[in-house]
Amino acid sequence: MKVEYLTILFVLLSGMSYGSRILIYYPTIGISHVLPVQALAKSLAERNHEITFISPFPLSKPMNNYRDIKLQYNDSATSAFISEVTKNPKNVSMFQMMSKMPELIFNLGNDTLQSYEVRKLMREEQFDLVIVGFFFTDFGLGLADHFKCPSIVFSHAGSFWTLNKMVGNPLSVSAVPSSFVRGEMTSFVNRLKTFFLTIVEMTMAEYMKYRSKQVYDYNFPKSEGYISYEEAHNNVSLVFMNSHFSSGTVRPILPNMVEVGGLQVKTKNEPLPEKLQTFLDDAKDGAILFTLGSNSKSTYLPQKTLNILLKVFSTLKQRIVMKWESEVLEGKPENVFVGTWLPQDDILAHPNIKLFISHCGLGGVVEAKHHGVPVLGLPVYGDQPKNAEIVVNEGWGISLDLMELTEVTLKDSISTILNTPTYSEIAKRLSTLTRDRPLNPQETAVYWVEYVLRHRGAPHMHYNGADLNFFQYNSFDIIGFLILMLWIGTKIIKLLIGLCFRKKVSTDKQQKKIKRN
């Protein structure tokens, strides 16, 4: 009997995960960036790991093994900037976006690291792993050095220059398009654009690193025994990318760069609020979800654009679920359900949803593809136009210019998608493709986190290319050396030929002189 009890106990224990203490740091201004990392954190907590998550966006429902430390920040500057962009994206250039957003992050990050809560954490606690959410926030890698533990970086999007350089991943400029290049890389023009835009990206990334280094050096100074900012980069064990080859660009990646695109998509969807559930269940002609995401709020829209949306919605036989960040929506049609916050993934999973009208943020596009729902894109800024173009090129959606929207173009586009079976068929086929993986995104991410923990940072995965500078990595020093050797060799050959020629001339002259004598 004792043997049987011991066997049962062994089986039970072998199925359990021995918990580690994991700190997740993500001082970002967008909740859409945090959601995938929260999904990972919850999966890790369910595996008995103790999670401490530092971000401005705590969980709506507390759970075991999960502690939130909420960052306090004034989001008025962020809201004002995003409102301006949403009202007229053409008035705000990409360079303005890339200068304004990081400054907001740097200020938030510095305030966070100097806050009482984080300083208390650094004084009194110890962690086995630090995960840093990356959106110009690599200064947070100093926390891993402080706790003398491995670090993992989580990218809210795919791979780009800073992350590639962090682990030495190939850049592949000739085959992988820039985030701002539309079309195929077989085009010479697109390859030329990518080449120059990559130089621009590298230049801007180096500036961002310079600013991030200032935050790092202030909070983790060498005088107090911390490693340098560059060493912290070089010590990263693993990079998670919120992307997947089935839903975007295929590119070469190292083993310590892991694609976990779709991490925020639930493995089992939660019940919808009762009123919303009834609203969708009774949608006999189907339903449409409309949202501009967490940053570009619908309330920021110009009145003219809002009037067009409501006018067209009122003429549809489908029911509309609309994200509206206010308690009142004047002129709301009877077939429209509004909510200040909507469980987007759970709504897209409802069988009566026939169309997703979206700003085409990466998270929304991934969720729509997972659930096989066609998309009508109304992109605003950032990567949204590129995401919308990918949807159009793949054949499961249409994209419109939000600022040039008319009742005719909106209604015609909705009608085209709803009445053309091809859009839905392609969306469902892509859904099957994106779901077909050895492990789902949560299982994949959890496996690799525990892999790093098991192998104490997994130093065996470190790629030697990460230790080389730009000139060494691209063999410019070797090429330069070979050119120098070729030049020296050419000079030597010329010298030898010259000497031989002069010797021959001298010999000929001597022979002629002898003959004359």
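The preceding data block contains the structure.
What you see is a predicted model; the values in this text were computed from it and never measured.

Engineer: So what's going on with the packing of helix α2 (residues 31-46) against helix α17 (residues 441-454)? Residues and values would help.
Structural biologist: Direction vectors running N to C along α2 and α17 enclose 65°, while the axes themselves pass 10 Å from each other. By the angle between their axes, α2 is roughly perpendicular relative to α17. Handedness of the α2/α17 crossing: right-handed. On α17, the residues touching Leu40, Ser43 and Leu44 of α2 are Gln442, Ala445, Val446 and Val449. Residues that form the contact of α2 with α17 fall into these classes: five nonpolar, two polar and no charged.

Engineer: Explain the packing of aromatic side chains to me, using residue names and the numbers behind them.
Structural biologist: The full count for this structure, using the stated rule, is 17 aromatic pairs. The positively charged end of Arg21 is found above the aromatic ring belonging to Phe127, 4.8 Å away from the centroid. Between Arg319 and the ring centre of Phe279, over which it is positioned, the NZ or CZ distance is 4.9 Å.

Engineer: Account for the sheet that holds strand β3 (residues 66-70), naming residues and giving values.
Structural biologist: Spatially, seven strands are ordered β3-β2-β1-β4-β5-β6-β7 in an open sheet, and the strand pairing comes out parallel. Of all the strands in the sheet, just β3 and β7 (257-259) have a single pairing partner and so form its edges. Across this sheet, the average inter-strand angle for adjacent strands is 20°, counted without regard to direction. Sheet topology note: the strand β5 (residues 151-155)/strand β6 (residues 236-241) ladder contains five bridges and is parallel. Of the residues in β6, the one forming a bridge with Phe154 is Phe240.

Engineer: Before we move on, could you go through the environment of Thr291 and cite the residues and values that matter?
Structural biologist: Position of Thr291 relative to the elements: it lies in strand β8 (residues 287-291). Note on Thr291: relative accessible area 3%, which makes it buried. When the C-alpha positions of Thr291 and Val321 are compared, they lie 8.5 Å apart, and in sequence the two are 30 residues distant. Beyond its immediate sequence surroundings of up to four residues, Thr291 is in contact with Lys323, Gln344, Phe356, Ile357, Ser358 and His359. Of the polar contacts made by the side chain of Thr291, one reaches the backbone nitrogen of Gly293; its length is 3.0 Å.

Engineer: Could you give me a rundown of helix α14 (residues 384-394), with the residues and numbers involved?
Structural biologist: If you check which residues of α14 are buried, you get Gln384, Lys386, Asn387, Ala388, Glu389 and Val391. Backbone geometry just downstream of α14 places Gly395 in the positive-phi region, at approximately 90°.

Engineer: Can you break down the pattern of salt bridges residue by residue, with the values?
Structural biologist: A full pass over the atoms with the stated rule returns 12 salt bridges. The residue Lys148 makes a salt bridge to Asp145 at a minimum N-O spacing of 3.1 Å. For Asp145, a relative accessible area of 9% corresponds to the buried category. Here Lys209 and Glu206 are joined by a salt bridge, their closest N and O atoms 4.0 Å apart. One end of the pair, Lys209, and the other, Glu206, are both in helix α8 (residues 188-219), three residues apart, so they sit about a helical turn from each other. Taken together, the shared-partner salt bridges in this structure form one network comprising Arg21, Glu50, Arg67 and Glu125.

Engineer: Report on helix α13 (residues 362-371), specifying residues and quantitative values.
Structural biologist: Three- or four-residue spacings in an α-helix give side chains the same orientation, since the helix completes a turn every 3.6 residues. α13 sits mainly inside the fold: eight of its 10 residues count as buried. On its buried face, α13 sits against α12 (344-348), β11 (353-358), β12 (375-377), α14 and α16 (421-435). At the C-terminal side of α13, Gly372 shows a positive phi close to 70°.

Engineer: How would you summarise the packing of α13 against α16 if you had to cite specific residues and measurements?
Structural biologist: With their axes 6 Å apart at the nearest point, α13 and α16 run at an angle of 100° to one another. Compared by their axis directions, α13 and α16 come out roughly perpendicular. Contacts from Lys369, His370 and His371 in α13 reach Ala427, Leu430, Ser431, Thr434 and Arg435 in α16. Its residues assigned to classes, the contact of α13 with α16 comprises two nonpolar, four polar and two charged.

Engineer: Before we move on, can you summarise the sheet that holds strand β10 (residues 336-339) with the specific residues and values?
Structural biologist: Strand order in the open sheet made by the six strands is β10-β9-β8-β11-β12-β13, with parallel pairing throughout. Each of the sheet's edge strands pairs with one partner strand only, and the pair in question is β10 and β13 (397-399). Going across the sheet, the axis of each strand differs from the next one's by a mean of 15°, ignoring polarity. Bridging between strand β9 (residues 319-323) and β10 involves four bridges; their strand directions are parallel. Bridge assignment links Ile320 to a residue of β10, and that residue is Val336. Together, β8, β9, β10 and β11 form the strand contacts of helix α10 (residues 274-281), whose direction differs from that of β9 by roughly 145°.

The rules behind each value
Residues numbered from 1 in each chain as written. Predicted model: local features only at pLDDT ≥ 70, side-chain atom pairs only at ≥ 80, totals over all residues. Heavy atoms only, no water. Axes fitted to C-alpha atoms, helices over the stretch in contact; angles between N-to-C directions. Helix = DSSP H or I, 4+ residues; strand = E, 2+ residues; numbered from the N terminus. Parallel < 35°, antiparallel > 145°, perpendicular 65-115°, else oblique. Left-handed = near helix turned anticlockwise from the far one by under 90°. Contact = heavy atoms within 4.5 Å. Nonpolar A, V, L, I, M, F, W, Y, C, P; charged D, E, K, R; others polar. Phe/Tyr/Trp six-rings, centres within 6.5 Å; stacked < 30°, edge-to-face > 60°. Lys NZ or Arg CZ within 6 Å of the ring centre and 35° of its normal. Pairing = 2+ DSSP bridges. Buried < 20%, exposed > 50% of the residue type's maximum accessible area, 1.4 Å probe, protein only. Polar contact = N/O pair within 3.5 Å; in protein donor to acceptor, adjacent residues only side chain to side chain. Salt bridge = Lys/Arg side-chain N within 4 Å of Asp/Glu carboxyl O.

Everything listed is a geometric property; what it means functionally is a separate question.
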